[in-house]
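Residues per chain are reported as follows:
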Amino acid sequence: MTYTITYYSDAVQADIRELPETLIARFFALTDRMIHNGANLGEPHTQAMGDGLFELRLKGPEGIARVFYCTLVGKRIVMLHSFVKKTQKTPLRELRTAQARMKEIKNAHA
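On a predicted model such as this, the values are computed, not experimentally measured, just so you know.

Asker: Please set out the packing of aromatic side chains residue by residue, giving values where relevant.
Answerer: If you walk through the whole model with that rule in mind, you get three aromatic pairs. Taking 5.5 Å as the distance between ring centres and 20° as the angle between the ring planes, the aromatic pair formed by Phe54 and Tyr69 counts as stacked. Here Tyr69 lies in strand β4 (residues 63-72) and Phe54 lies in strand β3 (residues 53-60), a separation of 15 residues in the sequence. A relative accessible area of 0% means that Tyr69 is categorised as buried. Residues Phe68 and Phe83 carry aromatic rings whose centres are separated by 5.9 Å and whose planes lie at 25° to one another, so their mutual orientation is stacked.

Okay, structure coming up:
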């Protein structure tokens, strides 16, 4: 039972690939687990943000990053938005970007 991981856009995929090296390694390790085990890995790796939006929590010596994602019917996981975290709280602008993209993706697949 494997899942498919896609990206909202090429720009989102490029942004993720530009994260610091240790965070990229963590991203690929966790997404590999998601492909085999599903979207919800549980804390501290993933966290539900409400209304079907989740965050992948990346932490390494180079800092902290978050990648927002949602799931679609057919075992599909869509990476929506990423950012490097600089404060304790998730910036509202980052959350709203992910929510808008999730709404767009879900409407397109309804």
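Asker: So, the pattern of salt bridges: which residues are in play, and what are the values?
Answerer: Tallied over the full model, the rule gives four salt bridges. For Arg57, the salt bridge is made with Glu55, and the minimal N-O distance between the two is 3.4 Å. The class of Glu55 is buried, set by a relative accessible area of 3%. Residue Glu94 is joined to Arg93 by a salt bridge in which the shortest nitrogen-to-oxygen separation is 3.1 Å. You can call Arg93 exposed: its relative accessible area is 63%.

Asker: Please give an account of the environment of Met34 that cites residues and values.
Answerer: Along the chain, Met34 falls in helix α2 (residues 21-37). Among the residues examined, Met34 registers a relative accessible area of 0% and is labelled buried. For Met34 and Leu53, which are 19 residues apart along the polypeptide, the C-alpha to C-alpha distance reads 15 Å. In this view, Met34 contacts Tyr3, Ile5, Ala39, Leu41, Leu56, Tyr69, Ile77 and Met79; residues no more than four positions away in its chain are not counted.

Asker: A description of the environment of Lys59 should follow, citing residues and the corresponding values.
Answerer: With respect to the helices and strands, the residue Lys59 is situated in strand β3. Here Lys59 falls in the exposed class, since its relative accessible area comes to 63%. Beyond its immediate sequence surroundings of up to four residues, Lys59 is in contact with Leu23, Arg26 and Ile64.

Asker: Account for the pairing of β3, naming residues and giving values.
Answerer: Working note: regular strand, side chains alternate between the two faces of the sheet. Pairing of strand β2 (residues 46-50) with β3 involves four bridges; the strand directions are antiparallel. Across the sheet, the residue bridging to Ala48 is Phe54, located in β3. Between β2 and β3, which pair antiparallel one after the other, the connecting turn spans two residues, and Asp51 there sits at a positive phi close to 55°. Between the antiparallel neighbours β3 and β4 lie two residues.

Here is what the cut-offs are and how they apply
Residues numbered from 1 in each chain as written. Predicted model: local features only at pLDDT ≥ 70, side-chain atom pairs only at ≥ 80, totals over all residues. Heavy atoms only, no water. Phe/Tyr/Trp six-rings, centres within 6.5 Å; stacked < 30°, edge-to-face > 60°. Helix = DSSP H or I, 4+ residues; strand = E, 2+ residues; numbered from the N terminus. Buried < 20%, exposed > 50% of the residue type's maximum accessible area, 1.4 Å probe, protein only. Salt bridge = Lys/Arg side-chain N within 4 Å of Asp/Glu carboxyl O. Contact = heavy atoms within 4.5 Å. Pairing = 2+ DSSP bridges.

Fair warning: the whole summary comes from geometry, so function is off the table for now.
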